[in-house]
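Examination of the molecular architecture
Here is what each chain is made of, one letter per residue.
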Amino acid sequence: MSAVVLGRHRLYILPSRHGLVFGLALTALLLVAVNYHNGLVYLLTFTLAGLGLVSMLYTHRNLARLAVLPGPCAPVFAGEEARFGVCLANDSACARSGVWVTTPEGAGVRVTIPAHGQVCVEIPLPAKRRGLLEGPPLVVSSDYPLGLLRSWSRAIRLGQRCLVYPRPAPAQPWSARALEPGGWRTGSGGGDDFVGLVPFRPGDSPHHISWKAVARGQGMLVKRFGGGGRETVWLDWEALAAHDPETRLSLLTRMLLDAEAAGDRYGLKLPHRRIAPDRGEAHRHACLQALALFPGPAGA
């Protein structure tokens, strides 16, 4: 992604609605001056016409050589609003007033860029689906100083992309700790404190089986160890009952957020991809990114 410099990127200029009315008024004044040979009306007509011509130069200069640069876009969840950062840089000694940055849908902001300065704005765009959301084409325009003319650029694409996570499933009565019956927990997480014995579940380590309990006829029991109450859970694609891929991704997103909120260590198992258990903001992003970019038709 690189900057786009207006002027090198073609600019257009045409009269605004106010400019058309202004032009009709000048024509009427000129007819009056010709019919009545009135010198004062001639003076007024040509003074206003000169003002309009000077306005044309200022309107064009207000955009010329402005640099449009891409800014960041923080990841969002599907159904939220992505906000694409856009920066306008002015390398001249004159401030640029009344500059609009808009999308084809009409959403936009009006800014003033100081001399030798830069202003950054955010352009909103609905994020309807998970995946990579392309930034909208932008049009930079201005009717400064008098509103008689409007200058604008053709559509600018900065090559921006925003990562859109899957929409989380609605909050459930279970948490990440309650996922053991589905087979997503693999055992206690990283502690050495003995917690107790629980029934054996598929996926439990054979090293944690209490053979003394087995010898006493108590069945297959597994030793659980804790470390500050933290658990290690696996968020497993194959363990979910839902068949629709988007529903599975939505459920995994909810489980991931619940596990992170509970302070648990969690790993992610997807077809052809596995992310080792961990926790923290970087791990959360890595897992959500894997879910967002999961192959499928929902990618934006």
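Here is what the cut-offs are and how they apply
- Residues numbered from 1 in each chain as written.
- Predicted model: local features only at pLDDT ≥ 70, side-chain atom pairs only at ≥ 80, totals over all residues.
- Heavy atoms only, no water.
- Core = buried A, V, L, I, M, F, W, Y, C linked by side-chain atoms within 4.5 Å.
- Buried < 20%, exposed > 50% of the residue type's maximum accessible area, 1.4 Å probe, protein only.
- Helix = DSSP H or I, 4+ residues; strand = E, 2+ residues; numbered from the N terminus.
- Pairing = 2+ DSSP bridges.
- Axes fitted to C-alpha atoms, helices over the stretch in contact; angles between N-to-C directions.
- Parallel < 35°, antiparallel > 145°, perpendicular 65-115°, else oblique.
- Contact = heavy atoms within 4.5 Å.
- Nonpolar A, V, L, I, M, F, W, Y, C, P; charged D, E, K, R; others polar.
- Patch = residues over 30% accessible without salt bridge, like charges linked within 9 Å, V, L, I, M, F, W, Y side chains within 5 Å.
- Areas by Shrake-Rupley, 256 points an atom, 1.4 Å probe, with all protein chains shown as cover.
- Salt bridge = Lys/Arg side-chain N within 4 Å of Asp/Glu carboxyl O.
- Expected span 1.5 Å × (residues − 1).
- Arc of directions from axis to C-beta.
- pLDDT = per-residue confidence, 0-100.
- Phe/Tyr/Trp six-rings, centres within 6.5 Å; stacked < 30°, edge-to-face > 60°.
- Lys NZ or Arg CZ within 6 Å of the ring centre and 35° of its normal.
- Disulfide = S-S within 2.5 Å.

**Concerning the nonpolar core**
In this structure, Leu-235, Leu-252, Leu-256, Tyr-266, Leu-268, Leu-270 and Leu-291 are the most contacted members of the largest nonpolar core, which totals 26 residues. Residue assignment for this core shows that the elements contributing at least two residues are strand 12 (161-165), strand 16 (231-236), helix 4 (245-262), strand 17 (265-270) and helix 5 (281-292). No other element matches helix 4, which puts seven residues into this core. Within the second largest apolar cluster, 19 residues are counted, among which are Leu-88, Val-99, Val-101 and Leu-158.

**Some points on the sheet that holds strand 3 (residues 67-70)**
The sheet built from four strands is open, its strands ordered 1-3-5-8 with antiparallel pairing. Two strands in the sheet have a free side with no partner beyond their single neighbour: strand 1 (4-5) and strand 8 (117-126). The pairing of strand 3 with strand 5 (residues 81-90) spans four bridges and is antiparallel. Residue pairing for strand 5: Pro-70 is matched across the bridge by Val-86.

**Some points on the packing of helix 4 against helix 5**
In the contact formed by helix 4 and helix 5, the axes pass within 10 Å of each other and the chain directions differ by 175°. Relative to helix 5, the element helix 4 is oriented roughly antiparallel. The segment helix 4 lies against helix 5, with Leu-249, Leu-252, Thr-253, Leu-256, Leu-257 and Glu-260 engaging Arg-284, Cys-287, Leu-288 and Leu-291. For the contact of helix 4 with helix 5, the residue count by class is seven nonpolar, one polar and two charged.

**Some thoughts on a nonpolar patch on the surface**
Nonpolar side chains collect at one region of the surface, where Val-54, Leu-57, Tyr-58 and Tyr-144 lie side by side and expose about 390 Å² of accessible area between them. Position of Leu-57 among the secondary structure elements: in helix 2 (residues 39-61).

**Overview of helix 1 (residues 17-36)**
Two residues of an α-helix separated by three or four positions point the same way, owing to the 3.6 residues in each turn. Look at helix 1: 29 Å from first C-alpha to last across 20 residues, which is about the 28 Å you get at 1.5 Å a residue. For helix 1, the full list of buried residues reads Gly-19, Leu-26 and Ala-33. Considered in projection along helix 1, the buried side chains sweep an arc of 40° and stay on one side of the axis. Opposite the buried face of helix 1, at more than 90 degrees from it, the exposed residues are Arg-17, Leu-20, Val-21, Leu-24, Leu-31, Asn-35 and Tyr-36. Positive phi appears at His-37, one or two residues downstream of helix 1, with a value of about 50°.

**Considerations on the confidence of the model for the chain**
Taken over all residues, the pLDDT of the chain has a mean of 83, while the share at 70 or more is 80%. Below pLDDT 50 for its whole length, residues 174-191 participates in 52 contacts with residues either more than four positions away or in separate chains.

**Here we look at the side chain of Ser-141**
Here Ser-141 shows up in strand 10 (residues 139-142). When residues no more than four places from it in sequence are discounted, the contact partners of Ser-141 are Leu-63, Gly-98, Val-99, Trp-100, Arg-150, Ser-151 and Trp-152.

**Comments concerning the packing of aromatic side chains**
Overall, the coordinates contain four aromatic pairs when judged by the stated rule. Each ring, one from Tyr-12 and one from Trp-152, has its centre 5.6 Å from the other, and the planes form 25°; the classification is stacked. Here Tyr-12 is found in strand 2 (residues 11-15), whereas its partner Trp-152 is found in strand 11 (residues 149-153), with 140 residues between them in sequence. Their ring planes at 5° and their centres at 6.2 Å tell us that Tyr-42 and Phe-46 sit as a pair that is stacked. One end of the pair, Tyr-42, and the other, Phe-46, are both in helix 2, four residues apart, so they sit about a helical turn from each other. When its relative accessible area of 28% is taken as the criterion, Tyr-42 is described as partly exposed. When the ring centre of Trp-234 is taken as reference, the NZ or CZ atom of Lys-269 above it lies at 4.9 Å.

**Comments concerning the state of the cysteines**
By the definition in use, this model includes one disulfide. In this model Cys-87 forms its disulfide with Cys-120; the gap between the sulfur atoms is 2.1 Å. Around the S-S axis, the bridge from Cys-87 to Cys-120 shows a dihedral of about 100° and counts as right-handed. Taken together, the positions of Cys-87 in strand 5 and Cys-120 in strand 8 put the pair 33 residues apart, joining distant regions of the chain. For Cys-120, a relative accessible area of 48% translates into the label partly exposed.

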